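The primary structure of each chain is shown beneath.
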Amino acid sequence: MRLHPLRYSFAYILPVLVLLGFWQGGFWLFVPLLYLYGLLPLLELAAPAPTANLAPAQEHTAASNPFFNWMLYLSVPVQYGVLLYFLMLVPSLQAWALAGAIFSMGLMCGSFGINIGHELGHRTSRFEQALAKLLLLSSLNMHFYIEHNRGHHRHVATPQDPASARYGETLYGFWLRSIAQGYVSAWRLEAQRLAKRGRSWWSPSNQMLQFQLIQVALIASMGWLFGAKAAVCFVLAALLGILLLETVNYIEHYGLSRRQTPDGRYERVMPIHSWNSNHILGRLSLFELSRHSDHHFRASRKYPILRHHRGSPQMPTGYPGMMLLACIPALWFRIMHPRLAALGS
């Protein structure tokens, strides 16, 4: 199995289509939405879902190849370039054209900004962590950096994790619970970090306070430079991006749970505690996010070397199709509950 960094240029089809829509207007403003949640789900019904993993030597080569990192770094100027174009464009748009622009920017926030920010947020270098925060800022979701890394990965597949969907919980109920509880959890986690260092909650070192001030300053700057309409449209696009993130959270862990040991702790996170998808188009467009079982099993593993695990629960199709399926609760339950029963969950 050979792996080349340019295969992940597939992920950059989305910003190209968004920019094309901004430039051409009209129907083209909805092409990114039709691409992600129309064309890709249909193609993934027929596309392969390869389960092959890299050999150890290939993993070492890929993990040390800087071009895989640069495929991620490139996303920062691209994301902010698209955002600047959006802010310049929306004051002149009305009705359906305005809605199309907001949806397109929302896709950039969720499928591009937050997703790549998630990958970089797991890195250990300050440079990459700074890029992660910049990408999350572009979606007004900076607290994700705290809650995801210090909360979600620790508590995944337990009742303590806001981002793990419960059995029988609808996507829409999950949105409300996960967003609210995840935000509160980020404040709690940061307060605990400060307390261990002997610092008060009301401290300049509180990252949550810093994040809120930065986000408010960004929105205020947009209103000042581009007008109130542009700032409001950006907030709406960011909200759409957050809903996309939460929909991904929903499909990744729905109904799966870790067993509690006699001492009250939970068993170690294993590949069986996340839904996995090997469908190739979703993998390429989301920088391997859909190989989620291995991501939780080894959170430090970089995206090109994530593995397939034979025992991990498999989604029937790729992420775009599963996200659409989750929007219809009755159909979602009908398809997913028998799979959960087969797993013994």
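Computed from a prediction, not measured in an experiment: that's the story for all the values here.

Engineer: Please clarify how the overall build of the chain should be interpreted in this entry.
Structural biologist: Along its length, the chain carries 15 helices and zero strands. Relative to the compact-globule value of 20 Å for 345 residues, the chain shows a C-alpha radius of gyration of 20 Å, a close match. Viewed in the frame of its principal axes, the chain has a C-alpha envelope of about 60 × 55 × 45 Å. Evaluated residue by residue, the chain yields a buried proportion of 54% over its 345 residues.

Engineer: Would you take a moment to explain unusual backbone geometry for this structure?
Structural biologist: Positive phi, normally seen in glycine, also occurs at leucine 140, with a value near 55 degrees. With respect to the helices and strands, leucine 140 occurs in the loop between helix H7 (126–137) and helix H8 (144–155).

Engineer: Even after reading the chapter, I still don't get the side chain of arginine 258, so can you show me in this structure?
Structural biologist: Relative to the helices and strands, arginine 258 resides in the loop between helix H11 (228–253) and helix H12 (280–285). Lacking a salt bridge, the buried arginine 258 has glutamate 267 as its closest oppositely charged neighbour, with an N-O distance of 6.1 Å. Look past the residues within four positions of arginine 258 in its chain and what remains in contact with it is Arg154, His155, Val156, Ala157, Thr158, Tyr266, Glu267, Arg268, Val269 and His273.

Engineer: I tried to follow the UniProt feature "transmembrane region" (unreviewed entry) in the chain on my own but got confused; where do I start?
Structural biologist: Mapped onto this numbering, the UniProt entry gives "transmembrane region" (unreviewed entry) at residues 12–37, 70–88, 95–118, 216–245 and 317–335. Secondary structure within residues 95–118 divides into 100% helix and 0% strand; the distance between the first and last C-alpha atoms comes to 33 Å. In the segment residues 216–245, helix accounts for 97% and strand for 0%; the C-alpha atoms at its two ends are 21 Å apart.

Engineer: When you look at the nonpolar core in this model, what are you seeing that I'm missing?
Structural biologist: A general feature of soluble globular proteins is that nonpolar side chains tend to end up buried together. Counting 94 residues, the largest nonpolar core has Phe86, Tyr250, Ile251, Tyr254, Phe287 and Trp332 as the members making the most contacts within it. Looking at which element gives the most residues to this core, the answer is H11, with twelve residues. Apart from residues no more than four positions distant in its own chain, tyrosine 254 is found in contact with Ala165, Arg166, Tyr167, Gly168, Glu169, Trp275, Trp332, Phe333, Met336, His337 and Leu340.

Engineer: Please explain the side chain of histidine 152 as it appears in this structure.
Structural biologist: Mapped onto the elements of the fold, histidine 152 is located in helix H8. At 2.9 Å, the side chain of histidine 152 forms a polar contact with the side chain of aspartate 161. Polar side-chain contacts of histidine 152 include one of 3.2 Å to the side chain of histidine 296. Those residues in contact with histidine 152, other than ones at most four positions away along the chain, are Glu147, Asp161, Ala163, Ser164, His253 and His296.

Engineer: Is there a simple way to think about a nonpolar patch on the surface in this case?
Structural biologist: Residues Phe27, Trp28 and Leu34 make up a contiguous nonpolar surface patch of roughly 330 Å² in combined accessible area. On the secondary structure map, leucine 34 appears in helix H2 (residues 31–46). When its relative accessible area of 44% is taken as the criterion, leucine 34 is described as partly exposed.

Engineer: Explain the environment of leucine 74 here, please?
Structural biologist: In this fold, leucine 74 is placed in the loop between helix H4 (66–73) and helix H5 (75–89). Its relative accessible area of 41% is what places leucine 74 among the partly exposed residues. C-alpha of leucine 74 to C-alpha of arginine 334: the two residues are 260 residues apart in sequence and 41 Å apart in space.

Engineer: What am I meant to see in the UniProt feature "domain: Fatty acid desaturase" (unreviewed entry) in the chain here?
Structural biologist: Here the UniProt-annotated "domain: Fatty acid desaturase" (unreviewed entry) positions come out as residues 96–317. Across residues 96–317, the secondary structure splits into 60% helix and 0% strand, with the terminal C-alpha atoms separated by 31 Å.

Engineer: What am I meant to see in the packing of helix H1 (residues 13–24) against H2 here?
Structural biologist: The axes of two packed helices give the description: the angle between them and the distance between them. One way to put it is that H1 packs onto H2 with a least axis distance of 8 Å and a crossing angle of 150 degrees. By the angle between their axes, H1 is roughly antiparallel relative to H2. Seen from H1, the contacting residues are Ile13, Leu14, Leu17 and Val18; seen from H2, they are Val31, Pro32, Tyr35 and Leu36. Looking at side-chain class alone, the contact of H1 with H2 contains eight nonpolar, no polar and no charged residues.

Cut-offs used in this document
Residues numbered from 1 in each chain as written. Predicted model: local features only at pLDDT ≥ 70, side-chain atom pairs only at ≥ 80, totals over all residues. Heavy atoms only, no water. Helix = DSSP H or I, 4+ residues; strand = E, 2+ residues; numbered from the N terminus. Rg over C-alpha atoms; globule rule 2.2 N^0.38 Å. Buried < 20%, exposed > 50% of the residue type's maximum accessible area, 1.4 Å probe, protein only. Lys, Arg positive; Asp, Glu negative; His and termini not counted. Salt bridge = Lys/Arg side-chain N within 4 Å of Asp/Glu carboxyl O. Contact = heavy atoms within 4.5 Å. UniProt positions renumbered as here; feature names shortened; annotations may be inferred. Core = buried A, V, L, I, M, F, W, Y, C linked by side-chain atoms within 4.5 Å. Polar contact = N/O pair within 3.5 Å; in protein donor to acceptor, adjacent residues only side chain to side chain. Patch = residues over 30% accessible without salt bridge, like charges linked within 9 Å, V, L, I, M, F, W, Y side chains within 5 Å. Areas by Shrake-Rupley, 256 points an atom, 1.4 Å probe, with all protein chains shown as cover. Axes fitted to C-alpha atoms, helices over the stretch in contact; angles between N-to-C directions. Parallel < 35°, antiparallel > 145°, perpendicular 65-115°, else oblique. Nonpolar A, V, L, I, M, F, W, Y, C, P; charged D, E, K, R; others polar.

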